[in-house]
Amino acid sequence: GMEATVPQRYIKVFANTLTCLSKLGDDLYLEANHDKIILRTLNNAHSAFSAFQFDLKFFDSYDLRDNIDRKCQIKAKPCQAIFKQYHNMESIVLALDEDEQKLRFEIRCKHGIQKMYKLAFVECEVMKAIYNKDEGFNHIVTLPRRLLECVGNFQNGLEEITVLATRNSIKVKSYTDESKSNDRRSLQTEMDLNPLDFEEFDIKSDFRVTFCLKEFKLMLNFCDSLGQLLTCYIDKAGQPLSISVRYFGIFECDFVLATMIDPTLDSSQTPTTTSSSSAVMSTSEAVRTEKRKRKSDHLSPSNLSTSPRIIQSSTSPRGSPSPIVSPIFGSQRMSNPFESVGDPSPHSQTSNPETFEHAMEEESHFKKRARSMDGMSDHMEVINDPMDDDEEVPSSFPEK
Amino acid sequence: PQMADTNDSLDTYLNKDDTEQQDDADMEVQIVFLAKINNARIITNILSAIHSSSKKEGQTATVRITVEGIKFIVEEGKSFQGTAFLQQELFQEFTLKGEQEEFKINLSLLLDCLGIYGTATSFVALQIAYGGYGDSLVLMLEENGIITNCGLKTMEASDVNNFNFRASPIQNKVIMEAAFLQDAFNELDWSSTQVTVLLSPEAPFFRLATSGPSGSCQVDYPKGSDVFEAFECDITQYNTYKLSLLGPAVKALGISHKCQLRMNQAGVLSLQHLIKNEDKNISFVDFFIAPEEDQEDE
């Protein structure tokens, strides 16, 4: 039904995409349209979503039979083993075989070696997340490496991280649950970043957001492997934040992370207390993603009816209520982006960030791969202007 | 390293034992086999190629000593056999009284003893002594003047399978650099239980395929590829093998230099690994794996 060929120069991007997807979620959702292929996944906790979009120009050849959109889902885990070692790969053919109900990867490698993997797929509907990439929101633009270096200072196993920002400051802290009287984590880390280090630092309203560190690191590592600047759109506690990277007009990826609803706020938000998360596979009525370059109106709420679905981020061993994580699926009114959060809790005083042990076995693995990506830019043709006018494209990837 | 000194110290120690025991009339010092090697690591390396650490009680090996050398044989039912041959040229001294000695030994324990000084880069001298049927296998290991004595109980040797590989015509064989073959096997889905190996004079020439709950996977190496040092396949043949039985053979690729893969008409798969030893000698380790029953050769 569909067949696409990835040329050698884009194999690293493709392989890294599949590896990232397989680490984030159990299932991989593929959508093949006449002008693009989109791969998506959602993590188990429903707190992290990713969408990778490959333009037609990414492929050497692309054939969609009868020009009918195809949508299917496969188990993501096998992809991790398949694409772990991609340095010998010369070309990849991605094909949907509707007769066999299998998704095929035909990989040609050096020395004439050919590999073929067939994974069973089932048809499904498209799943999308709700998030806003309106530049009217708070946003920062930076090299993924900066953020990776920052989170590298936090200890291994830390589950959540908090980012606090004002118009001219930004601080990253390890998250501790106040309600747990005896938080296991006796080590707390806090780091101030310099807004001047960012390519763009546009915070219109102060925020304090808390989200999952593990997924954040996975996303950053992927972005780092592309060698491009990322843009992070943040609204406020309770609203999802998103990270996006563009790659020379032929590939883009969006990551969405749910953030914790700030329990200290009064509730103009509707924190319904939760029970267990339901499997959220929205139907085709799911809210569309909106993406605008200019200041825009609020997102119009979609046709989806029901009350916001709340997802539990982690279970607490003592049975005390877990932090409530904002929904990223289901219907939702986006709140006024300019509403001030008015964080009542005192900021900790600024102190020199203390560097603690570095975590990241995962990261060193990606670091090695990221280094090998440096040579990629030689093969790139810039199709469109990859960035917005006021964002700078670094002329060369900084040496590590 | 000054090996002469250590050999002397070994001899002295051994002679000392003899002197002390001469007074004891009941003790008969009889050694039917004595071998010495300056670098025990050579032995450890080769033996670990056939050793599978999965067994709790340790893996048993049959030991066969002849004037040509020492052969270690491990087996798994009737479907798997691995042999490592330590040729007498590897040893600085190799003396055997009689034609052959055969017994069984706990290979895991033997490797533990050989590795008693850890994985240091210094040389460990080794002496192996065997007193004949019923006696223990006595190891003496020396590193930097420190001597360790180990006695390993020997067991009754039972029959080993004779795969008789050559009895059935061998129509397909390929030689590859170990690293390439290892890559090929590593690509497979090791959660599957079986792997099919295909060899043919026509496309796809050489194929490894697995299929399991996650889907299927196959790796093809074409005849002309430079991964093959030699490619001689006369007929199209494919057989299925238990993937777990191939484990040791694939693991051994990690320390071997080259591998010859052959299939005889009965469908038995033979993997012969060429190992380059530290002292520039070459040793061979062989594996035979019988095909799963319901497959038929073409």
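Everything here concerns the structure above.
Scope of this entry: the structure provided in the associated data block. Given the structure is predicted, the values throughout are model-derived calculations rather than measurements. (Residues numbered from 1 in each chain as written. Chains lettered and ligands numbered in written order. Predicted model: local features only at pLDDT ≥ 70, side-chain atom pairs only at ≥ 80, totals over all residues. Heavy atoms only, no water.)

1. Let's talk about the overall build of chain A
Line of reasoning, step 1. Along its length, chain A carries five helices and 21 strands.
Line of reasoning, step 2. Per-residue burial over chain A gives 56% buried out of 400 residues.
Line of reasoning, step 3. In chain A, the proportion of contacts linking residues at least 24 apart, taken out of those at least 6 apart, comes to 71%.
Line of reasoning, step 4. A total accessible area of about 18200 Å² is found for chain A, and carbon and sulfur atoms account for 45% of it. (Helix = DSSP H or I, 4+ residues; strand = E, 2+ residues; numbered from the N terminus. Buried < 20%, exposed > 50% of the residue type's maximum accessible area, 1.4 Å probe, protein only. Contact = heavy atoms within 4.5 Å. Areas by Shrake-Rupley, 256 points an atom, 1.4 Å probe, with all protein chains shown as cover.)

2. Observations concerning the overall build of chain B
Line of reasoning, step 1. Within chain B, the secondary structure is distributed over five helices and 18 strands.
Line of reasoning, step 2. Going through the 298 residues of chain B one by one, you find that 50% of them count as buried.
Line of reasoning, step 3. By sequence separation, contacts in chain B at least 24 residues apart represent 67% of the contacts at least 6 residues apart.
Line of reasoning, step 4. Here chain B displays about 14300 Å² of accessible surface, and carbon together with sulfur accounts for 47% of that area.

3. A short note on the packing of helix α3 (residues 144-151) of chain A against helix α4 (residues 213-226) of chain A
Residue and element names in this part refer to chain A.
Line of reasoning, step 1. For the pair α3 and α4, the least separation of the axes is 9 Å and the interaxial angle reads 145 degrees. Handedness of the crossing formed by α3 with α4: left-handed. When α3 is examined against α4, the residues Pro144, Arg145, Leu147, Leu148 and Val151 are found in contact with a partner set consisting of Leu213, Phe216, Lys217, Leu220, Asn221, Cys223 and Asp224.
Line of reasoning, step 2. Looking at side-chain class alone, the contact of α3 with α4 contains eight nonpolar, one polar and three charged residues. (Axes fitted to C-alpha atoms, helices over the stretch in contact; angles between N-to-C directions. Left-handed = near helix turned anticlockwise from the far one by under 90°. Nonpolar A, V, L, I, M, F, W, Y, C, P; charged D, E, K, R; others polar.)

4. As for the interface of chain B and chain A
Line of reasoning, step 1. Taken together, the contact pairs 14 residues of chain B with eleven residues of chain A.
Line of reasoning, step 2. The junction of chain B with chain A conceals about 1100 Å² of combined surface from both sides, 49% of it contributed by carbon and sulfur atoms.
Line of reasoning, step 3. Interface area lost by chain B to chain A is led by Glu187, Ser216 and Gln218 of chain B, which between them contribute 39%.
Line of reasoning, step 4. Across the chain B-chain A interface, the total number found is five residue pairs in polar contact (both at pLDDT 80 or more).
Line of reasoning, step 5. Per-element tally for the side of chain B that touches chain A: the top contributor is strand β13 (residues 215-221) of chain B, with seven residues.
Line of reasoning, step 6. Residues that form the side of chain B that touches chain A fall into these classes: six nonpolar, five polar and three charged. (Buried area = accessible area lost by both parts, 1.4 Å probe. Polar contact = N/O pair within 3.5 Å; in protein donor to acceptor, adjacent residues only side chain to side chain.)

5. Observations concerning the packing of aromatic side chains
Residue and element names in this part refer to chain B.
Line of reasoning, step 1. Going through the model one piece at a time under the given rule, you end up with 30 aromatic pairs over all chains.
Line of reasoning, step 2. Ring plane angle 40 degrees and centroid distance 5.4 Å describe the contact between Phe165 and Phe288, whose orientation is recorded as tilted. With a gap of 123 residues between them, Phe165 in the loop between β9 (146-152) and β10 (170-177) and Phe288 in strand β18 (residues 282-289) connect regions that are remote in the sequence.
Line of reasoning, step 3. The class for Phe165 is buried, based on a relative accessible area of 5%.
Line of reasoning, step 4. The class of Phe288 is buried, set by a relative accessible area of 13%. (Phe/Tyr/Trp six-rings, centres within 6.5 Å; stacked < 30°, edge-to-face > 60°.)

6. Here's the deal with the sheet that holds strand β1 (residues 2-6) of chain A
Line of reasoning, step 1. If you walk across this open sheet you meet the nine strands as β5(A)-β1(A)-β7(A)-β8(A)-β9(A)-β13(B)-β12(B)-β11(B)-β15(B), and the pairing is antiparallel. Two strands bound the open sheet, and with one partner strand each, they are β5 (61-64) of chain A together with β15 (237-242) of chain B. Across this sheet, the average inter-strand angle for adjacent strands is 15 degrees, counted without regard to direction.
Line of reasoning, step 2. Lying on the sheet, helix α1 (residues 11-24) of chain A is in contact with β1, β7 (89-97) and β8 (102-109) of chain A; it crosses β7 of chain A at an angle near 55 degrees.
Line of reasoning, step 3. Along the sheet face, helix α4 (residues 178-186) of chain B touches β12 (206-212) and β13 of chain B and points at about 160 degrees away from the line of β13 of chain B. (Pairing = 2+ DSSP bridges.)

7. Some thoughts on the pattern of salt bridges
Residues and elements named next belong to chain A.
Line of reasoning, step 1. Applying the stated criterion to the full structure yields 20 salt bridges over all chains.
Line of reasoning, step 2. We note a salt bridge from Lys171 to Glu190, for which the minimum N-O separation is 3.0 Å. Of this pair, Lys171 sits in strand β13 (residues 169-174) while Glu190 sits in strand β14 (residues 190-193), and the two are 19 residues apart along the sequence. The two residues Lys171 and Glu190 agree in class, both being buried. (Salt bridge = Lys/Arg side-chain N within 4 Å of Asp/Glu carboxyl O.)

8. Topic: the nonpolar core
Line of reasoning, step 1. Residues Ile37, Phe83, Phe105 and Phe251 of chain A together with Leu139 and Phe206 of chain B are the most contacted members of the largest nonpolar core, which totals 163 residues.
Line of reasoning, step 2. The contacts of Leu139 of chain B, once residues within four sequence positions are left out, are Leu110, Cys113, Leu114, Leu126, Gln127, Ile128, Thr148, Asn149, Cys150 and Leu152 of chain B. (Core = buried A, V, L, I, M, F, W, Y, C linked by side-chain atoms within 4.5 Å.)

9. With respect to the environment of Tyr86 of chain A
Residues and elements named next belong to chain A.
Line of reasoning, step 1. With respect to the helices and strands, Tyr86 occurs in the loop between α2 (77-83) and β7.
Line of reasoning, step 2. Classification of Tyr86 by relative accessible area gives buried; the value is 7%.
Line of reasoning, step 3. A C-alpha to C-alpha distance of 8.8 Å links Tyr86 and Cys109, two positions 23 residues apart in sequence.

Purely geometric stuff here, so don't read any function into it on its own.
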